[in-house]
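Each chain is listed here by its residues.
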Amino acid sequence: TEYLKFESDRCTWLRPTSLDHLLQIKQAYPECRLVTGNTEIGIEVKFQKRHFKVMVSPALVEELREVVITEHGIQLGASVTLSDMETHLRRAVDTMPEEKTRVFSGFLEMLRWFAGHQIRNVASLGGNVMNASPISDLNPLLMACNAEIEFAAAGQGHRRVKLDMDFFRGYKKTRMRSSEVLVSVTVPFSAENIYFGSFKQANRKEDDISILNSGMWLELDETGCHVRDIRLAFGGMSFNTVLACKTMEALRGRRWDNSLLECACSQSFLPADLPLPPGAPGGMIAYRRTLTLSFFFRFYLSVLQKLQ
Ligand code: FAD
């Protein structure tokens, strides 16, 4: 519970005790790296031989560890581990009305296939978001549900943005400013007319990174069968998480039936939204392109079954 500082010629390691103190450190050393679960940074240091001069552990910062149920959803501190996230989402799913927690159920399904117990026990939600990997398992879900991201910086207070198409600014780059830290992520509640799906395909079912993953969020209008809004987010199809924007636009207002499915899967929509040039990193081009359609088919069917 004490402020700690270790210093050598090569590296300084700091452990502040409050958010204010963490923000002051970030202001003084904008290039410093926060280390939470160390499951990404550890790989960078060990295998890519990266070296960070200043490293900061936010482990004692209360605001980054809090979990709060708000009017809009569940607000999870950036340092909350994936195992704790699972526990809190499970509790909400078990105690709240089913229609309110459909997005949470989608996250629970994804967390089940996220790495293994050892990693989930230390890896954080914030580390997954800020690492901004193109195959992050949580970012497509957060983008599909339009999760709210809270940043803070010394002297500038808190800033809230949506995790939307503009959030990622290139390979492993986000809208976070160099003076800021991520404080929390709010995963929203769903409602009677909202449906959510999460999908992951990996070489191995357990403890493996994704070949492709996806989060799909649907809002039907008052008729209960026409699309009011839809967001289809994919990981593994570009250098960062992307939305299938043309498809989303084309599906708005349409009836949730076979013709909608045909429209989404036709050459002008999902395949056009999610092109993969021959030789794209990761390979398996035809497989990944086919998976985007399979995921949508699964989502289409799951909603259809609920509507019947
Ligand atoms: P760290 O390594 O501590 O940090 C990651 C990055 O986030 C760093 O740049 C750090 O500075 C930044 N950061 C952390 N907290 C903050 C903050 N509050 N504000 C600003 N920046 C911050 N990922 C998947 O998506 N799916 C998988 O199935 C998966 N499997 C894995 C399996 C193994 C064996 C390993 C080693 C990794 C795996 N990963 C997987 C990747 C990794 O575990 C996740 O991305 C994890 O969520 C990272 O969290 P962390 O706390 O360990 O991040």
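Calculation notes
- Residues numbered from 1 in each chain as written.
- Predicted model: local features only at pLDDT ≥ 70, side-chain atom pairs only at ≥ 80, totals over all residues.
- Heavy atoms only, no water.
- Salt bridge = Lys/Arg side-chain N within 4 Å of Asp/Glu carboxyl O.
- Helix = DSSP H or I, 4+ residues; strand = E, 2+ residues; numbered from the N terminus.
- Buried < 20%, exposed > 50% of the residue type's maximum accessible area, 1.4 Å probe, protein only.
- Domains from an automatic or database assignment.
- Contact = heavy atoms within 4.5 Å.
- Buried area = accessible area lost by both parts, 1.4 Å probe.
- Polar contact = N/O pair within 3.5 Å; in protein donor to acceptor, adjacent residues only side chain to side chain.
- Phe/Tyr/Trp six-rings, centres within 6.5 Å; stacked < 30°, edge-to-face > 60°.
- Lys NZ or Arg CZ within 6 Å of the ring centre and 35° of its normal.

Draft legend 1. Region of interest: the pattern of salt bridges. Tallying each qualifying case throughout the model produces 15 salt bridges. Where Glu109 meets Arg112, a salt bridge forms, and the shortest distance between an N and an O atom there is 3.5 Å. Residue Glu109 and its partner Arg112 are located together in helix H4 (residues 102-112), separated by 3 residues, close to a single helical turn. Take Glu109: its relative accessible area is 33%, and that puts it in the partly exposed class. Given a relative accessible area of 48%, Arg112 falls into the partly exposed group. One network of salt bridges, in which partners are shared, links Asp229, Arg231, Glu249 and Arg252.

Draft legend 2. A look at the domain arrangement of the protein. Here the protein is partitioned into domain 1 (4-56), domain 2 (62-188) and domain 3 (194-307). Here domain 2 and domain 3 have C-alpha centroids that lie 21 Å from each other. Contact with domain 2, which involves 27 residues of that partner, is made by 30 residues of domain 3. With both chains or domains summed, domain 2 and domain 3 bury close to 2,300 Å², and 63% of this area falls on carbon and sulfur atoms. At the boundary of domain 2 and domain 3, one finds 12 residue pairs in polar contact (both at pLDDT 80 or more).

Draft legend 3. Spotlight on the packing of aromatic side chains. Overall, the coordinates contain 9 aromatic pairs when judged by the stated rule. Between the aromatic rings of Phe6 and Trp13, the centroid separation amounts to 5.8 Å while the plane-to-plane angle is 35°, which identifies the pairing as tilted. On the basis of an interplanar angle of 0° and a centroid distance of 6.1 Å, the ring pair of Phe107 and Phe196 is categorised as stacked. One end of the pair, Phe107, is in helix H4; the other, Phe196, is in strand E10 (residues 194-202), and 89 residues separate them in sequence. For the pair shown, Phe107 and Phe196 are each scored as buried. In this structure an aromatic cluster arises from ring pairing among Trp256, Phe296, Phe299 and Tyr300. Positioned above the aromatic ring of Phe189, the side-chain terminus of Lys100 is 4.4 Å from the ring centre.

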